[in-house]
Amino acid sequence: MKNNVENQEKKKFYKNAGFYFLVIYACLTFAFITQAFMVNIVPMKFLIPIVVVLVLLFAGMWYFQMNGKVNKINKVLGKVAIVVLSILLGVGNWYLFSTDTAFSKITNKDDVSVVSVVVMKNSSIKDISDLKGQRLGIINLGDTSTQEKTLNDITSDLGSEPTTVKYNSYKDFGDDLYDEKVDAILLDEGSRGMFEDNHADFNLRTRVVKQYTYKIESKDISKNVNVTTKPFNIYITGIDTYGSISTKSRSDVNMIVSVNPKTHQILMTGIPRDFYVPQTCQNNQLDKLTHTGIFGVDCTINTMENFMDIDLNYYARVNFSSVVDIVDALGGITVNSPFAFTAYTNHSVHIKKGENHLNGEQTLGFVRERYGLSDGDRERSRNQMRVVEAMINKAISPAIITNYTSIMNAVSGSFQTNMSQSEITSLIKMQLDDMSKWDIKQIQVSGQGATMWTPANGFNAYVMVPNDACVENAKKLIEKIDSGEMITDEDIAYQNELVAQAG
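Residues numbered from 1 in each chain as written. Predicted model: local features only at pLDDT ≥ 70, side-chain atom pairs only at ≥ 80, totals over all residues. Heavy atoms only, no water.

**Section: the pattern of salt bridges**
Part 1: Counted under the stated rule, the structure contains 15 salt bridges.
Part 2: Glu 472 is the partner of Lys 475 in a salt bridge, and the nearest nitrogen-oxygen pair spans 3.1 Å. With a gap of 3 residues between them, Lys 475 and Glu 472 both fall in helix α14 (residues 468–482), about one helical turn apart.
Part 3: When its relative accessible area of 40% is taken as the criterion, Glu 472 is described as partly exposed. (Salt bridge = Lys/Arg side-chain N within 4 Å of Asp/Glu carboxyl O. Helix = DSSP H or I, 4+ residues; strand = E, 2+ residues; numbered from the N terminus. Buried < 20%, exposed > 50% of the residue type's maximum accessible area, 1.4 Å probe, protein only.)

Following this line, the structure appears as structure tokens:
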């Protein structure tokens, strides 16, 4: 008799619809708590109370659904509450999943090289097999290991080694293709922009026969510190390409961001793309800073560490697509311009004096324009810092909540850093913990325009010869951040005077 009663209660237990509501709710609760600890961006002073509340809520929902003494109305109300709480937990789980996925992608240290076999449009070479017996131009600058892989793959495709001609500059590289001294060239797509000075119609007059894509694990060049207690320097490099952020290309945006997490002060130091500096990947020959990007981000970092005599702890890499995607995901940014101008670099964008609310494409035009600016590349560098500051301010504002998943999606495909996921999450936890405002200062280095030999180009081109006084004072200001001192408005004003005198 007793067994029959127990069997009936057991049967009744599994017939209770509330039990299945509770199972779903329990799974969502467990997943949320697990992800919250794994992603590790919520400070413990918030996370522990959240966990306690979730456990108590589950206990309460269990009581309303499984206690036979609760009336039907309260059971129904309990089911409604479970549905509402499950929806909220589902959203929370999605936010945490998006965050973890984005962090995994932006801390991925793989580089992508796309190497093309390029011929003139009227060439008789239609397929890679037609390259047999033809002359193939190859570049002999920087790390040629990827090029060697491509030559091996071409050899495999042809059944024999191609006849190669080596070049030490992009001018000769392009000239001989145009003059039919070689039948094809092997071009790393990241360096395509190197032809714009001497072969402005390169893209129109050539075509790609075949492309080879390689994923290469980049070197770990980070100099790790406790980013919540120690000052650190991040090098922001903006490459002049669309598409994959992992592509090697010229470094057209160059900025040192010095951060002191204790004083909550940030110093951004803009460096002109044409700065004429010794380059570690070109045997310390003087060349434009922008050219370091075609040899890889490690070349850019090593070159600037030597030049500025500082440690660059981390880098962050963005490209044209990054700017558009991230700004649009942020819902646009507000940039204060000291004067009006029209940017023609992308679409025609009119910038007024004062505050400008810009979308992604407008922001890209704003940061790329230099010819329409009276101070040229110097003012472009300032505009780039204005945009970075605007993006930081928008990202730490409450407005980020409404666009959170869009921002995570944009960042995950448009941004790359060698800062570890744990370092990124610890910074976010610190910000959420105290919600302190950041004091952001901007300076730049400058010099005198000149026409000098640029080895990568293979001809004399416009460069900016650094002004020693301007550079040395910038170093001192970065050292102040690193030593825990505060940068004052007087410090910024003095650096601005040196910049004005330099050019």
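Next comes the rest of the account.
**Structural notes on the nonpolar core**
Part 1: Among the nonpolar cores identified, the biggest contains 62 residues, and Met 255, Val 257, Met 268, Ile 333 and Phe 366 are the most heavily contacted of them.
Part 2: Residues in contact with Ile 333, not counting those within four places in the same chain, are Val 327, Asn 356, His 357, Leu 358, Thr 363, Val 387, Ala 390 and Met 391.
Part 3: In terms of nonpolar packing, the next biggest core, distinct from the first, is built from 29 residues, Met 304, Cys 470, Val 471 and Val 499 among them. (Core = buried A, V, L, I, M, F, W, Y, C linked by side-chain atoms within 4.5 Å. Contact = heavy atoms within 4.5 Å.)

**Here's the deal with the packing of aromatic side chains**
The geometry of an aromatic ring pair is captured by the separation of the ring centres together with the interplanar angle, meaning the angle of the planes.
Part 1: Under the counting rule described, the total for this entry stands at 14 aromatic pairs.
Part 2: Put simply, the rings of Tyr 167, Tyr 170, Phe 173, Phe 195 and Phe 202 pair up and form one aromatic cluster.
Part 3: For Arg 205, the ring lying beneath its charged end belongs to Tyr 178, and the centroid distance is 4.4 Å. (Phe/Tyr/Trp six-rings, centres within 6.5 Å; stacked < 30°, edge-to-face > 60°. Lys NZ or Arg CZ within 6 Å of the ring centre and 35° of its normal.)

**Looking at the packing of helix α3 (residues 44–66) against helix α4 (residues 72–106)**
Part 1: Where α3 contacts α4, the axes come no closer than 9 Å and their chain directions differ by 150°. Accordingly, the angle class assigned to the pair α3 and α4 is roughly antiparallel. Crossing of α3 against α4: the hand is left-handed. On the side of α3, the interface is formed by Leu 54, Leu 57, Met 61, Phe 64, Gln 65 and Met 66, while α4 contributes Asn 74, Lys 75, Gly 78, Lys 79, Ala 81, Ile 82, Leu 85 and Leu 89.
Part 2: Across the contact of α3 with α4, the residue classes tally to 9 nonpolar, 3 polar and 2 charged. (Axes fitted to C-alpha atoms, helices over the stretch in contact; angles between N-to-C directions. Parallel < 35°, antiparallel > 145°, perpendicular 65-115°, else oblique. Left-handed = near helix turned anticlockwise from the far one by under 90°. Nonpolar A, V, L, I, M, F, W, Y, C, P; charged D, E, K, R; others polar.)

**Some details on unusual backbone geometry**
Glycine aside, negative phi is the norm for most residues, and most peptide bonds take the trans geometry.
Part 1: Look at Asn 40: it is not a glycine, yet its phi comes out positive at around 60°.
Part 2: Relative to the assigned elements, Asn 40 resides in the loop between α2 (17–39) and α3.
Part 3: The phi dihedral of His 264 falls on the positive side, at around 55°, and the residue is not glycine.
Part 4: Within the secondary structure, His 264 sits in the loop between β7 (251–260) and β8 (265–270).
Part 5: Owing to a relative accessible area of 9%, His 264 belongs among the buried residues under this scheme.

**Re the pairing of β8**
The side chains of a regular strand alternate, first on one face of the sheet and then on the other.
Part 1: Of all 6 residues in β8, 6 are buried; the element is thus mostly enclosed.
Part 2: Judged by which residues are buried, β8 turns out to be covered on both faces: Gln 265, Leu 267 and Thr 269 on one side and Ile 266, Met 268 and Gly 270 on the other are all buried.
Part 3: Pairing between β7 and β8: 6 bridges, direction antiparallel. Pairing of Val 257 across the sheet is with Met 268, part of β8. (Pairing = 2+ DSSP bridges.)

**Comments concerning the packing of α4 against helix α13 (residues 421–434)**
Part 1: At a minimum axis separation of 9 Å, α4 and α13 run at an interaxial angle of 130°. Classified by the angle between their axes, α4 and α13 sit oblique to one another. As α4 runs across α13, the sense of the crossing is right-handed. Seen from α4, the contacting residues are Asp 100, Phe 103, Ser 104 and Ile 106; seen from α13, they are Gln 421, Ile 424, Thr 425 and Ile 428.
Part 2: Taken together, the residues that form the contact of α4 with α13 break down as 4 nonpolar, 3 polar and 1 charged.

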